[in-house]
Amino acid sequence: TELSLIRNFSIIAHIDHGKSTLADRLIQQTGGLTAREMTSQVLDNMEIEKERGITIKAQTVRLDYTAKDGITYQLNLMDTPGHVDFAYEVSRSLAACEGALLVVDAAQGVEAQTLANVYQSIEHDHEIVPVINKIDLPAAEVDKVKAEIEEIIGLPADNAVLTSAKSGIGIDEVLEAVVTRIPPPKGDRSAPLKAMLVDSWYDPYLGVVILIRVIDGVIKKGQEIQFMAAGTKHLVDRVGCMRPKLEILTEIAAGEVGIITAQIKEVAQTRVGDTITDAKRPAAEPLPGFKEVQPVVFCGLFPTDAADFEKLRESISKLRLNDASFSFETESSAALGFGFRCGFLGLLHLEIIQERLTREFDLDLITTAPSVVYKLELSRSKTDDARSMELHNPADMPDVNRIDEIQEPWIEATIYCPDEYLGSILKLCQDRRGVQKQLTYVGGRAQLVYELPLNEVVFDFYDRLKSISRGYASFDYHQIGHRAGDLVKMSILVNGDPVDALSMIVHRGTAEARGRGMCERLKDLIPRHLFKIPIQAAIGGKVIARETIAAMRKDVTAKCYGGDISRKKKLLEKQKKGKARMREYGNVSIPQEAFIAALRMG
Ligand code: GDP
Ligand code: MG
């Protein structure tokens, strides 16, 4: 297709502002979908994505749209992942486009996640078309939202397109705006092939499918290609595009977006942001912006039933086929037996993988305390020459006498919230050792910039923020490097035995509060036994917090006075079931839920 007839664009929006609904409408309007197929959202296709309302893997779709000028254009709509954990993937999707639709909920207004993506979009020199969606809502305030877009983002909004994606209002106007306002791509069809690897996923029939944006040159079936960062060569066996069903094409040329397959078995062989070139006539330079993705949060996953270890390995390997951004290696723990140490892009990513293992593969798992990656400066010991190490697991912490310094990763967070919640949000950031960098007011809302230790954020910061602001605060972050901190390893002892799955690295200043919280929660989570159970938090040999679980009376049904047999039965059944999901520690049983629940900070 001629460059002047192509438009590549993405939709950026805060979660729930209507991105998926609008995307589906655009597909429907241009004939890609029937009304019946519209009933379920097409671009968010994974079950968990649907439930949580976030896109994890970017999808893309090609639309043919005949505009008011009578000319038919090729529109490539790139979907972008919708969560802070996947910021790099978002940046590659945006790099593949010339413009973006900025969807803002007419009743909610501009949110922090929107802002972060808009700034990225502006950095890519995008033409941004504001779309004010949900104008059908009684609470819609179009003029206020227009003013916000102008004040907060600095984009003119008088020509914003007004839509109701739900009732199908303004969809043609959106398509016209894409054609008339977003510029066509540039590129040279006759230059050596240069294409960006935007995303990849595993398809059981096709193998690894790669989404590409061709910058220069042409890619065809039978061509030998080279991945410049990975250094590998492959033979293209299919080129096509999604409409949203796969359509086979003869070529994808400069300016176009499409998919290829090249008999690749694992997604791990394809790196998002890599440059694809012709093996025989390679491009001189790769495209800018490639980054190796690095997991930032690590935890151990252990089967509750030791016999499930091989099943867990198979399931993890299967998931990894489709998600190269998480890592795993075997780990053994004195208490938990054999399992895997896994690395994730963030806590949400961790939860998604854990949920899929539980749900799709029917596994009962114990998740150990998530940990960020610490950098340790060490003195030599008699047996070990190493002067530094990266610590992914508190259980691997070397002897404290060898540690000269512990450094922890920090982030810069941007929080955006209505005024009334500012006080409690400031307190939350302060409690998490935050350093305030900026506090500004824009359009009746506060914009906060804080530097925070990642360790204080990964557990439950986002949830806490949402709950104290009743969902109105939004949050975005990026890493800013490691900094030295007064950090110590805190162990949890149950009945005098350390439970390694619960040990964690904490800041000395917050250790006592964290330790007390852990002990209190464990006291509620661990059932009574026939004997008294002390629960202690300790740093080195020093106990900093302590709770005791009183001994149980022998008969659980004793408290059901009288003759309600069915109630007694139920209670006994419940007790039996509870037992199946327990982990024995010495002679103490700890329920599986305790491991995760204990980590939620109070
Ligand atoms: P996304 O998270 O940005 O992809 O948002 P979705 O497209 O999943 O929409 C979030 C919710 O808003 C869903 O319940 C939609 O049905 C609803 N929604 C989307 N567009 C509109 C609209 O124009 N009007 C109304 N009233 N609701 C909408
Ligand atoms: Mg969505």
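Here is what the cut-offs are and how they apply
Think of each chain on its own: its residues are numbered from 1, step by step along the sequence as written. As a convention, the first chain written is A and the first ligand written is 1, with the rest following in written order. A pLDDT threshold of at least 70 governs which residues receive local features in this predicted model, and a stricter bar of 80 or more applies before side-chain atom pairs are shown or counted, although totals over entire chains, interfaces and linings include all residues. The side-chain quantities take in all heavy atoms of the structure and omit both hydrogens and water. For each residue, the test is whether any non-hydrogen atom lies within 4 Å of the molecule or strand; if one does, the residue is near. Polar contact is the term for a pair of N or O atoms within 3.5 Å; when the atoms are in protein, one must be able to donate a hydrogen and the other to accept it, and sequence-neighboring residues count only if both atoms are side-chain atoms. Areas reported here follow the Shrake-Rupley algorithm with a probe of radius 1.4 Å; residue values treat only the protein chains shown as occluding. What counts as a helix is a DSSP run of H or I of at least four residues, what counts as a strand is a run of E of at least two, and both are numbered from the N terminus. Under the convention adopted here, Pro, Cys and the residues Ala, Val, Leu, Ile, Met, Phe, Trp and Tyr are nonpolar, Asp, Glu, Lys and Arg are charged, and Gly plus all remaining residues are polar. The definition used for a disulfide is geometric: two cysteine sulfur atoms within 2.5 Å. UniProt positions are given in the numbering used here, feature names are shortened, and annotations may be inferred rather than shown by experiment. Contacts are assigned to residue pairs with any non-hydrogen atoms lying within 4.5 Å of each other. For Phe, Tyr and Trp, rings pair up if their centres lie within 6.5 Å, where Trp contributes its six-membered ring, and each pair is then called stacked (planes under 30 degrees apart), edge-to-face (over 60) or tilted (otherwise). The definition of a nonpolar core used throughout is a set of buried Ala, Val, Leu, Ile, Met, Phe, Trp, Tyr and Cys residues joined through side-chain atoms within 4.5 Å. Each residue gets one of three labels from its accessible area relative to the maximum for its type: buried under 20%, exposed over 50%, partly exposed in between, using a 1.4 Å probe on protein chains only. In this scheme, strands are said to pair when DSSP sees at least two bridges between them. Note on method: axes are straight lines fitted to C-alpha atoms, helices fitted across the in-contact stretch only, with angles between N-to-C directions ranging 0 to 180 degrees.

**Q** Tell me about the site of ligand 1, and name the residues and values.
**A** If you check the shell around ligand 1, you find 17 residues, and the closest are Asp16, Lys19, Ser20, Thr21 and Asp136. Between ligand 1 and the protein, one listed contact pairs an oxygen atom with a side-chain N or O atom of Thr21 at 2.5 Å. Isolated, ligand 1 exposes 590 Å² of accessible area, and the fraction of that covered by the protein chains is 79%. Per-element accounting of the shell around ligand 1 gives the leading share, three residues, to helix 1 (residues 19-29). Taken together, the residues of the shell around ligand 1 break down into three nonpolar, nine polar and five charged.

**Q** So what's going on with the state of the cysteines? Which residues, and what values?
**A** Under the criterion given, the structure shown has zero disulfides. Not part of a disulfide, Cys97 finds its nearest cysteine sulfur in Cys241, a span of 15 Å. Sulfur of Cys299: no disulfide; nearest cysteine sulfur belongs to Cys342 and is 6.1 Å away.

**Q** An account of the UniProt feature "binding site: GTP" (unreviewed entry) in the protein is needed here, citing residue identities and associated values.
**A** UniProt feature "binding site: GTP" (unreviewed entry): in the numbering of this structure it lies at Asp16, His17, Gly18, Lys19, Ser20, Thr21, Asn133, Lys134, Ile135 and Asp136. Take His17: it is sitting in the loop between strand 1 (6-13) and helix 1. Discounting chain neighbours no more than four positions away, the residues touching His17 are Val103, Val104, Asp105, Gln108, Gly109, Glu111, Asn133 and Lys134. Side-chain polar atoms of His17 contact the backbone nitrogen of Asp105, separated by 3.2 Å. Structurally, the position occupied by Gly18 is in the loop between strand 1 and helix 1. Not counting the four nearest positions on each side in its chain, Gly18 is found in contact with Asn133 and Lys134.

**Q** Break down the packing of aromatic side chains for me, with residues and values.
**A** Scanning the entire structure with this criterion turns up eight aromatic pairs. Between Phe309 and Phe338, the aromatic rings sit 5.9 Å apart at their centres with planes inclined by 55°, giving tilted as the arrangement. Placement of Phe309 in helix 7 (residues 309-322) and of Phe338 in strand 19 (residues 337-344) is noted, with a sequence separation of 29 residues between them. Taking the centre distance of 6.0 Å and the plane angle of 10° together, the rings of Phe326 and Phe344 count as stacked.

**Q** Can you tell me about the nonpolar core, naming the residues and giving the values?
**A** Formed by 50 residues in total, the largest nonpolar core has its most connected members in Leu357, Ile415, Ile425, Phe461 and Phe475. A per-element tally of this core places strand 24 (residues 403-418) first, with six residues.

**Q** Run through the sheet that holds strand 10 (residues 224-227), naming residues and quoting values.
**A** Taken together, the eight strands give an open sheet; going across it, the order is 11-10-16-7-8-15-12-13, and neighbouring strands pair in antiparallel fashion. A strand with exactly one partner marks an edge of an open sheet, and here the two such strands are strand 11 (233-235) and strand 13 (246-248). Averaged over all pairs of adjacent strands, the angle between their axes in this sheet comes to 40°, without regard to strand direction. Examined bridge by bridge, strand 12 (residues 238-242) and strand 15 (residues 257-261) share three bridges and lie antiparallel to one another.

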